[in-house]
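Listed below, chain by chain, are the residues.
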Amino acid sequence: MKVLSGEQMHEWDEFTIAHEPVSSLNLMERAASKCTDWIISKKLHYTNCKIFCGKGNNGGDGLAIARQLAEKNILSDVYIVEFGSLGTPDFQINLGKLHSFPVDVHFIQHPDFFPSIGVKDLVIDTLFGSGLNRPIEGLTEDLVRYINLAAATVISIDVPSGMFTDKPTINTSVIKADYTLTFQQLKFCFLFPEHEEFFGEVHVLDIDLHPGFTPIGNTIYELSDRESISKIYKP
């Protein structure tokens, strides 16, 4: 199985949008629904669910998950890190949809706005997804450190926030997840030993990206798993 870069995974999303065809908003809804179904099926025992969102499409996933959980009478509190600018279009649409549901939405502008997080809480991390190319800093870094100190159960969506997709993440703050729900294919970042303490149990969720996609550029890394080895192994 080829291991694609963060940019190539983004290209696969765009290829699916163009050739299925499907809107980017509906593809986000599809990905979020797979996460929601997994979270419900896991039957985690927690007191409160807190979803932390950035303003990119990863944050849009978090808003969609909050709405889908609310549709099943599972309520959460949503905390959006305020960067002083509008979110992506799909983020904004999902934020508008969420206002029709009994979900409390909070905007974090300063560490004083951080909510209390108990060890029995469930935290869903949708601050940053794959494609991050620089260390997080400022308010977001403070929030990541705060979440890590809380020792709650943490689920990261796509990749733990702060983790680089295509290279080792060293000497910077990264969410320490108990579970990571990534999309379609195992990311390169889950193969670095430096990252083991951050991603917990990794679950690859099939979101039905278009099977006709061929990545542009080099895909020099390939993962040999038990299934592929069993096809060529001879006693």
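Provided above is the structure to which this section pertains.
An account of the accompanying structure is given in this report. (Residues numbered from 1 in each chain as written. Predicted model: local features only at pLDDT ≥ 70, side-chain atom pairs only at ≥ 80, totals over all residues. Heavy atoms only, no water.)

Along the chain, the position of Asn 94 falls in helix H4 (residues 89-98). Excluding residues that lie within four positions of it along the chain, Asn 94 makes contacts with Leu 25, Met 28, Glu 29, Gly 60, Leu 63, Ala 64 and Arg 67. (Helix = DSSP H or I, 4+ residues; strand = E, 2+ residues; numbered from the N terminus. Contact = heavy atoms within 4.5 Å.)

All right, on to the nonpolar core then. Core analysis: the largest hydrophobic core is formed by 36 residues, its most contacted members being Ile 65 and Val 78. Sequence-distant contacts of Ile 65, defined by excluding residues within four places in its chain, comprise Ala 32, Cys 35, Thr 36, Ile 39, Ile 51, Ile 124 and Ile 157. (Core = buried A, V, L, I, M, F, W, Y, C linked by side-chain atoms within 4.5 Å. Buried < 20%, exposed > 50% of the residue type's maximum accessible area, 1.4 Å probe, protein only.)

Space left empty within the atom packing is revealed by a probe, the size of a water molecule, rolled over the atoms. Put simply, the largest pocket is a space of about 760 Å³. What lines the largest pocket is a set of 29 residues, among which His 10, Asp 13, Asn 57, Asn 58 and Asp 158 lie closest to the centre. For the lining of the largest pocket, the elements supplying multiple residues, two or more each, are helix H1 (6-19), helix H2 (24-42) and helix H3 (57-71). No other element matches H1, which puts seven residues into the lining of the largest pocket. (1 Å grid on protein atoms, 1.4 Å probe; cavity = no way out; pocket = protein on both sides within 12 Å on 5 of 7 lines; lining within 4 Å. Points joined across faces, edges and corners; volume = space filled by probe spheres on them.)

A few words on the pairing of strand E1 (residues 49-53). Among the five residues that make up E1, five are buried, leaving the element largely enclosed by the rest of the structure. With burial as the criterion, each face of E1 is covered, one bearing Cys 49, Ile 51 and Cys 53 and the other bearing Lys 50 and Phe 52. By the bridge criterion, five bridges tie E1 to strand E4 (residues 122-126) in an arrangement that is parallel. Looking across to E4, one finds that Phe 52 is bridged to Asp 125. One ladder, built from four bridges, connects E1 with strand E2 (residues 77-81); its direction is parallel. Within E2, the position partnered with Cys 53 by the bridge is Ile 80. On the question of chirality, the crossover connecting E1 to the parallel E2 by way of H3 is right-handed. (Pairing = 2+ DSSP bridges. Right-handed = clockwise from strand over helix to strand, strands pointing away.)

The next subject is the pairing of strand E3 (residues 104-108). Residues in a regular strand point their side chains to alternate faces of the sheet. Alignment of E2 against E3, held across five bridges, turns out to be parallel. Bridged to Val 78 within E3 is Val 105. Read from E2 through H4 to E3, the crossover connection turns out right-handed.

That is the geometry; function is a separate question.
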